[in-house]
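What follows is the residue order along each chain.
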Amino acid sequence: MGLRLLSSVLIFLISIAVTSCGGGGGGGGGGGGGNNNASQESTVTILGSGIKGILANATVSIYELNISLPLSYDPALPLASGVTDSVGRPASLEIPTSISRPLVLVVDGASSIDLNSNQTPVITNLTSIFTIQDALAGNPIFATPYTTIAHEMVKLNSTSSSSNTAFHDNFAAAITDVGMALGFGTETSVNFLTTPAVLSETTLSQAQQGAIIQHRAAIEALAAIIVELRNASGNTLSAGDVVVKLADDLFNDGQIDGDSGLDISAIPANVENLYVPDTQFRIKDISLILESERQYTGVNTSSVSSLSPTLMAPTLSSDNSRPVVDNNGGSTGANTEVPEPVISFSTSAANFGRISMGASADMSVILTNIGGAPLVITNISTAAQQSFTQTNDCNGFVPSGQSCVVNITFSPAGLGNRSDVLLVNGDGAATRTVSLLGVGDSGVLPENTVLDVDFERLSRGAYRESDLRSDFNVGVNGYNDTVHGPNANSMDIIADPANSGRGNVLRVLHREGRGGNSVRAGGFRFRADFPATEEYYFAYDAYFPNGWFQPLQHKMPAMMSTTNLLNASHLHNVRPHETTIPGFNTRMQTFSNAAYGRGDGSFSSIVYDKESVQQPRWANYISPTDTDFRTQRENLAGQYIMPRGRWVKIEQRVKLNTVNVRDGLMQIWMDGELIYDRTHLWLADTNYPGNLVSNANRKIDGVFMYSYYGGNPSDPRNRPPADNYHYYDNFIVSASPITH
């Protein structure tokens, strides 16, 4: 019933059923929020779908409008939320029909992949406003760049906070304003709130299909313009920043004239010749994309390949035939608003990228008072006041229409990801913020690096086995272990999903409903080789998105020594013993809370040495030397939990022991912080009490590259409920310290 896709530019929702159920509850995609008190409460089920390529693993949520909150909704209280799967199949969202407030649709694609471009979506956050009456009537409910810009405009409107009705009415008026300025002449034939933008079984007539072509082309053209404006900023603005600035620009005077700081000279007059973002299709060829999507939608209508859109140049300057925008209720006449200051920034996020420890970088943010009254600044500060500091020339006062400069300096206080928020408060103006991001870096690779893989030389797309073997020196030490990963189509080279300033990264897939790392399950398993020696440092970056499924056990890359992988591991249902292993393995992994009750993402080593195998030794940022499984069994204080939603840099040091003497070493740092420091008996011969197999001649000569959901792959707790992705970058092995 209805459409079957989810994409990076447009999300459609259609109501598919109305039911009664005891206590309400969520649909197939999961639910939450209030309105769960009625014993027999009527609900409407809404099914997510969309276009412009397929967006895998996107989160679609519905919230009640709350006009007292800056976002206009509470992100902690969704009425329903769901995640699309690896081929964009939609989430089913069930909400009560008794809701009287307007609803906010939020599409979060920050951790998703646009399967047409195989990259992170250009616009990662889309919103719209609708009512329960829209859902019950079966009206299409969708979020596009048009609805998102309109939503941002409504939040700037002082009358929107007076009532739910005012907010909803202002949204409808703002849609008209956005369409007039950026509709490319389609506003007379397309309703940006109700006209579909994807083919369905019910869009049979040429007139219907022509309207779809027009709407879809307008959406893609607006997305392409947002990319042009982002690029014109030197990428100091994100696509999301551009969306907010377009809203500021339109809200200010009803036209796109660059008064929010955008370089509108970057907007071409002939938008039909722009490329659909991250594809090789031009806007004028949008029908070819709609045709290609049939393989996903299964829609069997007549071909639209002969249909072409007609788009005009955007309206970038004053049009005297248009009414004046009053900013209090839409395009209805002269401005009667009581003047007040309004803070606007030149960017909503300042990303400094990677900065070496001991160095610093500066970036300027322009603060402009776009309101009609002077701004008296009561505070400018950074919240944490650690890695980021600020100075400014605002002098506590900014007249209407004037600007001042806030200079931000990033001096990383430690290795890894650093973040903060620039806060500006002023009398009569809401608090405005700028997100501050940066990465503390050790600066240069050690001179004696023996492995360095950052994926920058590769084209984006599937990670080929030939490239993997070359990157990781597979087989150079003469071992003949198989390579698993590319054969499972579970390793891809993509753009950084966190947009943290890095380039290409490795994406790893674990498929819905499957544990382990078989071809059907995904993951990877192979050996990286380098010259054998007695001490090495190994580092890599890892990113686990918000919403990532933590299996019971997730095994991660770590150093090793063995003639084949099984000699430092074991087959399923075969228990190894420390007295008979011929190699050693310095494995690291995370556990779910269900495993040991230490929290989802609890990090440990689970080494194979000559004293024990398969025993977690917990990483502890308070007492990194106190990692024994037995003494730490009940002590949760200091347990390191793997972060979500940001990159972390893991560094491991392994030093071999004197044979039969426990003076070997393993240390682990997370973002430069020591969390594990323990002696180990890596090597022993048969003179060591109880040892049956000698490994005394082994050296550190490889990395066990491992991404495995298990223990037991049959355990449902190791089987993700949807396709699960995480990411790696910057694998380095060196004889010298890497991050400290």
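A quick note: this is a predicted structure, and the numbers were derived from the prediction, not measured.

What counts and what doesn't
- Residues numbered from 1 in each chain as written.
- Predicted model: local features only at pLDDT ≥ 70, side-chain atom pairs only at ≥ 80, totals over all residues.
- Heavy atoms only, no water.
- Disulfide = S-S within 2.5 Å.
- Helix = DSSP H or I, 4+ residues; strand = E, 2+ residues; numbered from the N terminus.
- 1 Å grid on protein atoms, 1.4 Å probe; cavity = no way out; pocket = protein on both sides within 12 Å on 5 of 7 lines; lining within 4 Å.
- Points joined across faces, edges and corners; volume = space filled by probe spheres on them.
- Nonpolar A, V, L, I, M, F, W, Y, C, P; charged D, E, K, R; others polar.
- Core = buried A, V, L, I, M, F, W, Y, C linked by side-chain atoms within 4.5 Å.
- Buried < 20%, exposed > 50% of the residue type's maximum accessible area, 1.4 Å probe, protein only.
- Polar contact = N/O pair within 3.5 Å; in protein donor to acceptor, adjacent residues only side chain to side chain.
- Contact = heavy atoms within 4.5 Å.
- Axes fitted to C-alpha atoms, helices over the stretch in contact; angles between N-to-C directions.
- Parallel < 35°, antiparallel > 145°, perpendicular 65-115°, else oblique.
- Salt bridge = Lys/Arg side-chain N within 4 Å of Asp/Glu carboxyl O.
- Expected span 1.5 Å × (residues − 1).
- Pairing = 2+ DSSP bridges.
- pLDDT = per-residue confidence, 0-100.

Here's the deal with the state of the cysteines
- In total, this model carries one disulfide according to the counting rule given.
- One disulfide in the model links cysteine 394 with cysteine 404; its S-S distance is 2.0 Å. Every disulfide takes its handedness from the sign of the S-S torsion; for cysteine 394 and cysteine 404 that torsion is 75°, giving right-handed. Of this pair, cysteine 394 sits in the loop between strand S15 (388-392) and strand S16 (397-398) while cysteine 404 sits in strand S17 (residues 403-410), and the two are 10 residues apart along the sequence.

Quick word on empty space enclosed by the protein
- One pass over the structure, following the stated rule, counts four cavities of 30 Å³ or more.
- In this structure, the second largest cavity spans a volume of roughly 50 Å³.
- Forming the boundary of the second largest cavity are Val474, Gly475, Tyr479, Asp481, Thr482, Val483, Phe526, Arg527 and Asp529.
- Of the residues belonging to the lining of the second largest cavity, the class tally is four nonpolar, two polar and three charged.

Observations regarding the nonpolar core
- Grouped together as the largest cluster of nonpolar side chains are 77 residues, with contacts concentrated most on Ile62, Ile95, Phe184 and Leu246.
- Element by element, the count of residues in this core is highest for helix H4 (residues 206-232), at 13 residues.
- Membership of the second largest hydrophobic core comes to 51 residues, among which are Ile493, Met556, Phe603 and Ile700.

Here's the deal with the side chain of glutamine 550
- When you line up the elements, glutamine 550 lands in the loop between strand S25 (535-543) and strand S26 (553-556).
- Separated by 3.0 Å, the side chains of glutamine 550 and threonine 590 make a polar contact.
- Discounting chain neighbours no more than four positions away, the residues touching glutamine 550 are Thr590, Phe591, Ser592, Asp600, Gly601 and Arg644.

Comments concerning the packing of helix H2 (residues 145-156) against H4
- Relative orientation of the contacting elements H2 and H4 amounts to 60°, with a least axis distance of 9 Å. As far as their axial angle goes, H4 and H2 are oblique. Mapping the contact onto sequence places Pro145, Tyr146 and Ile149 in H2 and Ala218, Ile219, Leu222 and Ile226 in H4.
- A breakdown of the residues in the contact of H2 with H4 according to their chemical character gives seven nonpolar, no polar and no charged.

Brief notes about the pattern of salt bridges
- If you walk through the whole model with that rule in mind, you get 16 salt bridges.
- Arginine 527 is the partner of aspartate 529 in a salt bridge, and the nearest nitrogen-oxygen pair spans 2.4 Å. Judged on exposure class, the residue aspartate 529 and its partner arginine 527 are both buried.
- For aspartate 541, the salt bridge identified is with lysine 649, shortest N-O distance 2.7 Å. Taken together, the residues span a long stretch of sequence, with aspartate 541 in strand S25 and lysine 649 in strand S32 (residues 647-655) at a distance of 108 residues.
- Note on aspartate 541: relative accessible area 2%, which makes it buried.
- One salt-bridge network, in which partners are shared between bridges, spans Arg457, Arg464, Asp467 and Asp471.

As for the environment of alanine 174
- Note that alanine 174 resides in helix H3 (residues 164-182).
- Judged by its relative accessible area of 4%, alanine 174 falls in the buried class.
- In this structure the C-alpha to C-alpha distance between alanine 174 and glutamate 152, which are 22 residues apart in sequence, comes to 9.2 Å.
- Those residues in contact with alanine 174, other than ones at most four positions away along the chain, are Ala150, Met153 and Val154.

Notes on H2
- Taking 1.5 Å per residue, 12 residues should reach 16 Å; H2 reaches 17 Å between its end C-alpha atoms and fits that length.
- Most of H2 sits out of view: 10 of its 12 residues are buried.
- Among all positions in H2, only Pro145, Tyr146, Thr147, Thr148, Ile149, Ala150, His151, Glu152, Met153 and Val154 are buried.
- On its buried face, H2 sits against strand S7 (103-108), strand S9 (125-130), strand S10 (141-143), H3, H4 and helix H5 (239-253).

Things to note about the sheet that holds strand S4 (residues 59-64)
- Sheet architecture is open: four strands sit in the order S5-S4-S7-S9, paired in antiparallel fashion. Strand pairing shows two members of the sheet lacking a second neighbour, strand S5 (80-83) and S9, which therefore form its edges. Within this sheet the neighbouring strands show an average axis-to-axis angle of 15°, counted without direction.
- In this sheet, S5 lies alongside S4 in antiparallel orientation, the contact comprising four bridges. Bridge pairing in S5 links isoleucine 62 to alanine 80.

Side note on the pairing of S7
- Burial runs high along S7: five of the six residues are buried.
- Relative to S7, S4 runs antiparallel, the two sharing six bridges. Opposite isoleucine 62, over in S7, you have leucine 105 as the bridge partner.
- Pairing geometry for S7 and S9, over six bridges, is antiparallel. The residue bridging valine 106 from the neighbouring strand is threonine 127, located in S9.

As for the sheet that holds strand S13 (residues 361-369)
- Taken in spatial order, the four strands make up an open sheet running S11-S13-S17-S15, and their pairing is antiparallel. In this open sheet, the two strands that pair with only one neighbour each are strand S11 (343-345) and S15. Going from strand to strand, the sheet's axes swing by 30° on average, the running direction of each strand aside.
- With eight bridges joining them, S13 and S17 adopt antiparallel strand pairing. Paired with leucine 367 across the two strands is cysteine 404, which belongs to S17.

Observations concerning the confidence of the model for the chain
- On average, residues of the chain carry a pLDDT of 80, and 80% of them reach 70 or more.
- Per-residue pLDDT stays below 50 along residues 1-39; that stretch engages in 161 contacts with residues further than four places along the chain or on separate chains.
- Predicted confidence is poor over residues 318-337, with pLDDT under 50, and the contacts of this stretch with residues over four places away or in other chains come to 38 contacts.

Thoughts on H4
- The terminal C-alpha atoms of H4 lie 38 Å apart, and with 27 residues this matches the ideal 39 Å at 1.5 Å per residue to within 8%.
- Just downstream of H4 lies glycine 234, where phi reads positive at about 70°.

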